[in-house]
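One letter stands for each residue in the lines below.
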Amino acid sequence: MDLIQIRGGNLVGHESDSQRTQYPYVTGTSVIGIKYKDGILIAADMGGSYGSTIRYKSVERIKPIGKHSLLGASGEISDFQEILRNLDELILYDNMWDDGNTLGPKEVHNYLTRMMYNRRNKFNPLWNSLVLGGVKNGQKYLGTVSMIGVHYEDNHVATGFGNHLAKPILRDEWHEDLSFEDGVRLLEKCMRVLLYRDRSAVNKLQIAKLTEEGVTVSPPYALKTHWEFNSFKNPTAGAEGSW
Amino acid sequence: MEKFDLDAPHSTGTTIIGVTYNGGVVLGADSRTSNGVYVANRASDKITKLTDNVYLCRSGSAADTQIVSDYVRYFLHQHTIQLGQPATVKVAASLVRLLAYNNKDMLQAGLIVGGWDKYNGGKIYGVPLGGTIIEQPFAIGGSGSSYLYGFFDQAWKEGMTKDEAEQLVVKAVSLAIARDGASGGVVRTVIINEEGVTRNFYPGDRLPLWHEELEPQNSLLDTWGAAATGPEPMSM
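**Some details on the overall build of chain A**
Moving on, step 1. Per the secondary structure count, chain A includes five helices and 15 strands.
Moving on, step 2. Relative to its length of 243 residues, chain A is compact, with a C-alpha radius of gyration of 20 Å against a globular reference of 18 Å.
Moving on, step 3. The principal-axis extents of the C-alpha atoms in chain A amount to approximately 70 × 55 × 35 Å.
Moving on, step 4. Of all intrachain contacts in chain A linking residues separated by at least 6 positions in sequence, the fraction that spans at least 24 positions is 61%.
Moving on, step 5. For chain A, the computed accessible surface area is about 12,600 Å², with 50% contributed by carbon and sulfur atoms.

**Points about the nonpolar core**
Residue and element names in this part refer to chain B.
Moving on, step 1. Ranked by size, the top nonpolar core spans 24 residues in total, and within it Ile 17, Val 19, Leu 148 and Phe 152 carry the most contacts.
Moving on, step 2. Put simply, the parts of the chain that give this core at least two residues each are strand S1 (16–21), strand S10 (138–141), helix H3 (149–155), helix H4 (162–179) and strand S11 (187–193).
Moving on, step 3. At eight residues, H4 tops the list of elements feeding residues into this core.
Moving on, step 4. Dropping the residues within four chain positions of it, Phe 152 is found in contact with Ile 17, Val 19, Phe 138, Ile 140, Leu 168 and Ala 172.

**Some remarks on the sheet that holds strand S15 (residues 214–217) of chain A**
All names here are of chain A.
Moving on, step 1. Pairing within the open sheet is antiparallel, and its five strands lie in the order S13-S4-S5-S14-S15. The open sheet has two free edges, formed respectively by strand S13 (156–158) and S15, since each of these has just one partner strand. The sheet shows a mean angle of 10° between the axes of neighbouring strands, direction not considered.
Moving on, step 2. Of the strand pairs in this sheet, strand S14 (residues 205–211) and S15 are connected by four bridges, and their pairing is antiparallel. In the sheet register, Thr 211 faces S15, and the bridge partner there is Gly 214.

**As for the sheet that holds strand S5 (residues 47–51) of chain B**
All names here are of chain B.
Moving on, step 1. Pairing within the open sheet is antiparallel, and its five strands lie in the order S5-S6-S7-S8-S9. Every interior strand has two partners, whereas the edge strands, S5 and strand S9 (134–136), have only one. Going from strand to strand, the sheet's axes swing by 25° on average, the running direction of each strand aside.
Moving on, step 2. Sheet analysis places strand S8 (residues 121–127) next to S9, joined by three bridges and oriented antiparallel. Across the sheet, the residue bridging to Tyr 125 is Glu 135, located in S9.
Moving on, step 3. Of the strands in this sheet, S5, strand S6 (54–60) and strand S7 (109–117) touch helix H1 (residues 62–83), which is tilted by about 20° from S5.
Moving on, step 4. Lying on the sheet, helix H2 (residues 89–102) is in contact with S5, S6, S7 and S8; it crosses S7 at an angle near 165°.

**Here's the deal with helix H2 (residues 105–121) of chain A**
Residue and element names in this part refer to chain A.
Moving on, step 1. In this model H2 runs 24 Å from its N-terminal to its C-terminal C-alpha over 17 residues, within 8% of the 24 Å that 1.5 Å per residue would give.
Moving on, step 2. Within the sequence span of H2, burial applies to Pro 105, Val 108, His 109, Leu 112, Thr 113, Met 115 and Met 116. The buried side chains of H2 occupy one side of the element, clustering within an arc of 165° when seen end-on.
Moving on, step 3. Buried-residue contacts for H2 involve strand S8 (62–65), strand S9 (69–76), helix H1 (77–97), strand S10 (128–136), strand S11 (139–145) and strand S12 (151–153).
Moving on, step 4. Positioned one or two residues after H2, Phe 123 has a phi angle of 60°, which is positive.

**Considering the environment of Ala 43 of chain B**
Residues and elements named next belong to chain B.
Moving on, step 1. Within the fold, Ala 43 resides in the loop between strand S4 (38–41) and S5.
Moving on, step 2. Taking the relative accessible area as the measure of exposure, Ala 43 reaches 41% and is therefore partly exposed.
Moving on, step 3. Here Ala 43 is in contact with Ser 31 and Arg 188, once residues within four sequence places are set aside.

**Some details on unusual backbone geometry**
Moving on, step 1. The phi dihedral of Asp 98 of chain A is positive, around 45°, even though this residue is not glycine.
Moving on, step 2. Within the secondary structure, Asp 98 of chain A is located in the loop between H1 and H2.
Moving on, step 3. Under the relative-accessibility criterion, Asp 98 of chain A is labelled exposed at 69%.
Moving on, step 4. The backbone of Glu 212 of chain B sits at a positive phi, close to 65°, despite the residue not being glycine.
Moving on, step 5. Its place among the elements puts Glu 212 of chain B in the segment after strand S12 (197–202).
Moving on, step 6. Residue class for Glu 212 of chain B comes out exposed when judged on its relative accessible area of 68%.

**Let's talk about the packing of H1 of chain A against H2 of chain B**
Moving on, step 1. For the pair H1 of chain A and H2 of chain B, the least separation of the axes is 12 Å and the interaxial angle reads 110°. Relative to H2 of chain B, the element H1 of chain A is oriented roughly perpendicular. Once H1 of chain A is placed against H2 of chain B, the crossing between them reads as left-handed. On H2 of chain B, the residues that touch Ser 78, Asp 79, Glu 82 and Arg 85 of chain A of H1 of chain A are Ser 94, Arg 97 and Tyr 101 of chain B.

**Some details on the pairing of S11 of chain B**
Residue and element names in this part refer to chain B.
Moving on, step 1. For S11, the tally of buried residues reaches seven of seven residues, placing the bulk of the element in the interior.
Moving on, step 2. In S11, alternate side chains face the same way, and those of Val 187, Thr 189, Ile 191 and Asn 193 on one face and Arg 188, Val 190 and Ile 192 on the other are all buried.
Moving on, step 3. The pairing of strand S2 (residues 24–29) with S11 spans six bridges and is classified as antiparallel. Considered in S11, the bridge of Val 26 is made with Ile 191.
Moving on, step 4. Note: S11 against S12, six bridges, orientation antiparallel. Along S12, the bridge assignment pairs Thr 189 with Asn 200.
Moving on, step 5. Two successive antiparallel strands, S11 and S12, enclose a turn made up of three residues, where Gly 196 displays a positive phi of approximately 150°.

Conventions used here
- Residues numbered from 1 in each chain as written.
- Chains lettered and ligands numbered in written order.
- Predicted model: local features only at pLDDT ≥ 70, side-chain atom pairs only at ≥ 80, totals over all residues.
- Heavy atoms only, no water.
- Helix = DSSP H or I, 4+ residues; strand = E, 2+ residues; numbered from the N terminus.
- Rg over C-alpha atoms; globule rule 2.2 N^0.38 Å.
- Contact = heavy atoms within 4.5 Å.
- Areas by Shrake-Rupley, 256 points an atom, 1.4 Å probe, with all protein chains shown as cover.
- Core = buried A, V, L, I, M, F, W, Y, C linked by side-chain atoms within 4.5 Å.
- Buried < 20%, exposed > 50% of the residue type's maximum accessible area, 1.4 Å probe, protein only.
- Pairing = 2+ DSSP bridges.
- Axes fitted to C-alpha atoms, helices over the stretch in contact; angles between N-to-C directions.
- Expected span 1.5 Å × (residues − 1).
- Arc of directions from axis to C-beta.
- Parallel < 35°, antiparallel > 145°, perpendicular 65-115°, else oblique.
- Left-handed = near helix turned anticlockwise from the far one by under 90°.

This is the structure:
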């Protein structure tokens, strides 16, 4: 009975198979995406961690793909850059056909899924979790693909820590036809929690908006944080030596 | 069985730095090549020429980085002939990334590409382990760089002059050498701008002294013993 072994965080095949594995070096943390009234909103911070060191603080982890889609990625940045190169080629060929048809988000999501799953089958994954959002012909689309090829669509998606910290907030507070302002505020609420509780988060983020009209990625900005609580100022009052 | 601690950054002996300034770039490095605890070469040159206007700072496996730089120099040479003019820094960095990314399982190379071209001026590109490529106003790498993140957060300023930038680089490598066992020797800098390339050499005695470091002297006898007032007898 052969089972896939996961040893020390790497994916390692059965001993008799040829070994092919990988190890992430420069990584991005959570990405969150939501559908709103006019289209899609995706948020991600600009951090590139190197183990426990926050090495790069201006990494753009959300990129437009063609006219209709946005791709956000967490995980190994070099693999994300390679995925962008592949998608560049895909969009180029799509444009060259010049047949009035353009690849929409559903097609791009499917392409990404195949790419990730096929690499996973060779035990040489692209070490990313992807969020793909788009609008085409009035239809909003939001999907996700993991490094082992798990893929699905939903009204709100998140990667990494976002799964644990942001999703519960989104499940509670997301609703159909969110306004742009409400959508941004909801994402900021999630990003603030991640900033408090995710060790790899940095306080420099971008939110990208995609509608039928096109794509806009916001300039980098930082969130205000709240520390003025009495129990923060005097955490050990009445319990000296505790934390 | 090896246990990979995913939280331990895979750092590599050496300190390398690349800094842009108003008109070009300054690259800097230490000169220690270590083989375990032995210093195999105390005066290595880790800043390698790729083209007349683009240089590479190498950290990690000496063998891996040497072969990568040899391949990139070879490709860039042909590219220059075909293009009919000097290659851009971006193209050089792209080639370095290509090799680093496609051989990520086998290479241990943390690289900084820096240079000057007429279209974009001075540019620095970091290519860390894994083959990510990232354009930065300044880049630091190697094991010694751990001690420099805080220093650069405080000391780096946009729009420095050439001399300010070089002083910053020399100070930084010197600080890293003071604390990192895998870095040492001399500080080498390479300045690249529109006028050309300048190589500088800063031996230990021309570097500033840091905390708990003493001014070197020829012998103890210069300051203590017979040449002075004579050794004091111990009192009981």
